[in-house]
Amino acid sequence: MTALSTNQLEAFWLPFTPNTEFKRNPRIITGAEGMYYRDQAGRKILDSSAGLWCSNAGHCRAPIVKAIQETAATLDFAPNFQFGHPKAFEAAAKIAALAPGNLNHVFFANSGSEAADTAVKIAVAWHRARGEGTRTRIVGRERAYHGVGMAGISAGGIGTNRRWFDALTFPASHLPATYNRAEQAFSKGQPVWGGHLADELEKIITLHDASTIAAVIVEPMAGSTGVLPPPKGYLEKLRTITEQHGILLIFDEVITGFGRLGAGFAAERFGVTPDIITFAKGVTSGTVPMGGAIVDRRIYDQFMTGPDHAIDMFHGYTYSGHPLAAAAACATIDLYRDEGLFERSAALEPYFEQAVHSLRGTPLVQDIRNIGLAAAIDLEPVTGAPGKRAFDVMKTMFFDKDVVIRIAGDCVAFSPPLIAEQSHIDEMTGKLAEVLKAAA
Ligand code: PXG
């Protein structure tokens, strides 16, 4: 048990958590190192999900810790409105260097949600700046997650996240989700079926007219709704159609960026270059909140028309490019490079794929998907209680098997830190199999 008092437990309203149940028997983590968490009793708990898909370099890595500590002691804060500090520029240059094509300019935010809002606002503003102010509609996708801000609830495609907030959303259309179990079950990597679903964009364009559409935003691989790799040819088609109609293409790479798919960005892995990439999470390996949008040179240039005293883009956050986040980003990206962690992620992918697919045939397993170091295992729901199966599995894995797993509905997702060894992969999949057999 924990030393937290009832008052303290009650005071914190945990996000995306059933609070009452949590507070009856809380799952408290007090330390972290490398692949493991620790609890107060000193129990080592394997992190199978890199925090919330963010701790890609592993936990409490010395060079990142040092950079944050030194910056906290020398430059706690400096404004980036009308002033600047070196680390933010350094971080922007390092991030831009990882991005493909002419995606050369970085606008900083503090989370993936803010990154999505930022990208969508830049897209709409860009069209207006070029004299196409009617282009305001955003096209998202069913089963998409872009966080919980304006863009997240409007362009996002998760019913529960939108339901109560419909009145607050901006006009958005939604492509169909790319997942179809009948056609794709137990696919490894990119499914063969489904590339044609990108053609639905043509229908949306016919309905609303291209002159009203600013941008299409998609996760290259949908992460939080259960690892949905893009069908073969799908992203390429979206790129072709958006280009034909003067529509910007935004890749939300909050999960897929920084090595999750074995490359700096999924755009590189899939060979499709969007106009804007959003990022967060892995940019600092989860150590300090940071997010942002990387934009194509021609978008940035459109805003740089003067006059000298006039602000070019009416957007930004107090903490855009915060010194601690910027220092953490620089140290993290250097660590990824020094340890070859993106290459390591790519090298581990075949082993990881084989390990997660070895769960096929285990009781309760309905489907398995994987790409990069991300995998999802769909579990058979408990009749009449959607989500309960995976929730119970998560608790057993934590309390009895010393593994933190991430769940979404009745799906278990694995996304280990990129420093994982084969033995860690074996541990997470092996223990899940034990728990599923016992639960069946
Ligand atoms: N875009 C994508 C693609 C995301 O996955 C966000 C935006 C929002 O980021 P912030 O930093 O505002 O939370 C996300 C976040 C999970 C899980 O377990 C996924 C996310 C967050 C928390 C849990 O799947 N994704």
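The structure under discussion appears in the preceding block.
The text that follows walks through the structure, step by step, so that each part is easy to find. (Residues numbered from 1 in each chain as written. Predicted model: local features only at pLDDT ≥ 70, side-chain atom pairs only at ≥ 80, totals over all residues.)

1. Side note on the overall build of the protein
Next, step 1: Tallying secondary structure elements over the protein gives 17 helices and 15 strands in all.
Next, step 2: Taking 440 residues into account, the globule formula puts the C-alpha radius of gyration at 22 Å, and the protein, at 22 Å, falls close to it.
Next, step 3: Expressed along its principal axes, the backbone C-alpha trace of the protein runs to roughly 65 × 55 × 45 Å.
Next, step 4: Looking at the protein residue by residue over its 440 residues, the buried ones come to 49%. (Helix = DSSP H or I, 4+ residues; strand = E, 2+ residues; numbered from the N terminus. Rg over C-alpha atoms; globule rule 2.2 N^0.38 Å. Buried ≥ 20, exposed ≤ 12 C-beta atoms within 10 Å, placed from the backbone.)

2. Concerning the site of the ligand
Next, step 1: Among the 19 residues in the neighbourhood of the ligand, the closest are listed as Ser 111, Gly 112, Ser 113, Gly 147 and Ser 224.
Next, step 2: When contributions to the shell around the ligand are tallied by element, the ones reaching two or more residues are helix H3 (50–53), helix H6 (112–129) and strand S14 (406–408).
Next, step 3: The leading source of residues in the shell around the ligand is H6, at three residues.
Next, step 4: Residue classes in the shell around the ligand are distributed as eight nonpolar, eight polar and three charged.
Next, step 5: The two domains that each donate at least three residues to the shell around the ligand are domain 1 (6–57 + 340–439) and domain 2 (64–338). (Near = placed C-beta within 6 Å. Nonpolar A, V, L, I, M, F, W, Y, C, P; charged D, E, K, R; others polar. Domains from an automatic or database assignment.)

3. Description of the packing of helix H5 (residues 86–98) against helix H14 (residues 323–338)
Next, step 1: The interhelical angle for the contact between H5 and H14, taken along N-to-C directions, is 40 degrees, at an axis separation of 8 Å. Here H5 is positioned oblique relative to H14, judged by the angle of their axes. Remark: the crossing between H5 and H14 carries left-handed chirality. Side by side, H5 and H14 meet where Lys 87, Ala 88, Glu 90, Ala 91, Lys 94 and Ile 95 of the first sit next to Pro 323, Ala 326, Ala 327, Ala 329, Cys 330 and Ile 333 of the second. (Axes fitted to C-alpha atoms, helices over the stretch in contact; angles between N-to-C directions. Parallel < 35°, antiparallel > 145°, perpendicular 65-115°, else oblique. Left-handed = near helix turned anticlockwise from the far one by under 90°. Contact = placed C-beta atoms within 7 Å.)

4. Looking at the environment of Ala 267
Next, step 1: Relative to the assigned elements, Ala 267 resides in helix H12 (residues 266–270).
Next, step 2: Beyond its immediate chain neighbours, meaning those up to four positions away, Ala 267 contacts Pro 100, Pro 220, Phe 251, Val 272, Thr 273, Pro 274 and Ile 277.

5. Focus on the nonpolar core
Next, step 1: Counting residues in each nonpolar core, the largest one holds 128 residues, and the members touching the most others are Ala 123 and Val 412.
Next, step 2: The leading source of residues in this core is H14, at 11 residues.
Next, step 3: Two domains each provide a minimum of three residues to this core, namely domain 1 (6–57 + 340–439) and domain 2 (64–338).
Next, step 4: If we ignore the near neighbours within four places in the chain, the residues touching Ala 123 are Ala 214, Ala 215, Leu 248, Ile 250 and Ile 276. (Core = buried A, V, L, I, M, F, W, Y, C linked by C-beta atoms within 7 Å.)

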